[in-house]
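Chain by chain, the residues:
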Amino acid sequence: ACETVILDNTRMSFQRPYIFGDIDTARQFLDIYIEEYSGKDGDLMCAFFERVALEIEEQSEDGSLDESFSPILRELHKRAKEVTLGQSIVFSYLDVMSFFTRKLCLTELLLNYIQPSDMSKGKVYEDTLLGAFLSISCLVKTSQIQGPYQFFDRPSRFSKQEHDITETSIQQPIGVLNERIYQLIYCIIKHGGEPKNRVLDWLGRCLASNRGRAKMW
């Protein structure tokens with residue numbers, strides 16, 4: 001009985017947050033998920049929120065899954081756009097995004113959210129949630145072109161040994177980031193059918209729309 005009450009209250013906090021006063025459900029979800037995911041009860045937490053999502057889908061008259069969980073994706077997106085390669089929090093954000101690949105209904109919600117406004121323009125892919133993670137690199141962003149730079153700032157002042165150490169420190173997080181994004185996309189593909197086709201189409205169109213950038217190197 002207690003479990004049912006907790007489940008119902010959590011469901012309603014997503015569907016009708018105004019009942020619980022001035023709370024930011026999306027922000028609270030992210031903070032709780034990030035804090036608990038790597039702990040001993042991480043799997044229990046994921047299973048619980050999966051049940052919440054399924055309950056919302058079954059009782060959508062109180063608020064759809066899209067209305068309930070899209071604010072989480074928007075808050076995650078806002079945070080993801082601010083992270084850089086040297087910040088470990090990026091992997092926690094990927095943990096949250098991976099939650100949306102665990103159930104088909106959540107995966108469909110994620111795929112709807114990452115669709116760019118114009119699939120023929122390369123730049124708009126970078127502005128999506130998936131694009132925010134794919135665009136994380138050791139290269140400077142356009143907004144930082146005048147410096148200071150996260151890596152190799154004023155390179156002439158440092159020795160080759162110091163540059164080698166910096167290169168090594170860059171390679172490790174890039175490798176982990178690439179593997180985590182691969183696993184996320186693979187989890188979507190494993191659903192098969194439409195989710196598989198949609199994510200592969202997203203990737204194909206992203207590469208095709210950005211093929212001109214290859215001429216820069």
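Cut-offs used in this document
Residues numbered from 1 in each chain as written. Predicted model: local features only at pLDDT ≥ 70, side-chain atom pairs only at ≥ 80, totals over all residues. Heavy atoms only, no water. Helix = DSSP H or I, 4+ residues; strand = E, 2+ residues; numbered from the N terminus. Buried < 20%, exposed > 50% of the residue type's maximum accessible area, 1.4 Å probe, protein only. Contact = heavy atoms within 4.5 Å. Patch = residues over 30% accessible without salt bridge, like charges linked within 9 Å, V, L, I, M, F, W, Y side chains within 5 Å. Areas by Shrake-Rupley, 256 points an atom, 1.4 Å probe, with all protein chains shown as cover. Salt bridge = Lys/Arg side-chain N within 4 Å of Asp/Glu carboxyl O. Lys, Arg positive; Asp, Glu negative; His and termini not counted. Charge placed at Lys NZ, Arg CZ, Asp CG, Glu CD. Expected span 1.5 Å × (residues − 1). Phe/Tyr/Trp six-rings, centres within 6.5 Å; stacked < 30°, edge-to-face > 60°.

Regarding the overall build of the chain
The helix and strand tally for the chain stands at ten helices and zero strands. Starting at the N terminus and ending at the C terminus, the chain contains elements arranged as α-α-α-α-α-α-α-α-α-α. Across the 217 residues of the chain, 36% fall into the buried class. For the chain, contacts bridging at least 24 residues in sequence account for 70% of all contacts bridging at least 6.

Notes on a negative patch on the surface
Taken together, the side chains of Glu57, Glu58, Glu108 and Glu194 make up a negatively charged region of the molecular surface. Residue position: Glu194 is located in helix H10 (residues 193-209).

Points about helix H5 (residues 89-99)
The element H5 is largely enclosed, with a buried count of nine among its eleven residues. The complete set of buried residues in H5 reads Val90, Phe91, Ser92, Tyr93, Leu94, Asp95, Val96, Met97 and Phe99.

Details of the environment of Asn178
Considering the arrangement of structural elements, one finds Asn178 in helix H9 (residues 160-190). Classification of Asn178 by relative accessible area gives partly exposed; the value is 48%. Remark: the alpha-carbon pair of Asn178 and Ile136, spanning 42 residues in sequence, is separated by 9.9 Å.

A closer look at the environment of Lys81
For Lys81, the location among the structural elements is in the loop between helix H4 (65-80) and H5. Put simply, Lys81 and Leu129 are 48 residues apart on the chain and 8.1 Å apart in space, counted from C-alpha to C-alpha.

Some remarks on H4
Here H4 contains 16 residues, and its C-alpha end-to-end distance of 22 Å stays within 8% of the 22 Å for a straight helix at 1.5 Å per residue. Leu65, Ser68, Phe69, Ser70, Ile72, Leu73, Glu75, Leu76, His77, Arg79 and Ala80 are the residues of H4 that are buried. Along its buried surface, H4 packs onto helix H1 (2-15), helix H2 (25-36), helix H3 (42-58), H5, helix H6 (104-113) and helix H8 (129-134).

Re the packing of aromatic side chains
Here the distance between the centres and the angle between the planes together describe a pair of aromatic rings. Counted according to the given criterion, the structure contains 14 aromatic pairs. Ring geometry for Phe29 against Phe49: centres 4.7 Å apart, planes inclined by 65 degrees, an arrangement best described as edge-to-face. A residue pair is termed long-range when its members are at least 10 positions apart, and Phe29 in helix H2 and Phe49 in helix H3 qualify at 20 residues. We classify Phe29 as buried; its relative accessible area is 2%. Centroid distance Phe69 to Phe100: 6.2 Å. Interplanar angle 75 degrees. Geometry classified as edge-to-face. Linking Phe69 in helix H4 with Phe100 in the loop between H5 and H6, this pair joins segments that are 31 residues apart in sequence. The residues Phe69 and Phe100 share a single accessibility class, namely buried.

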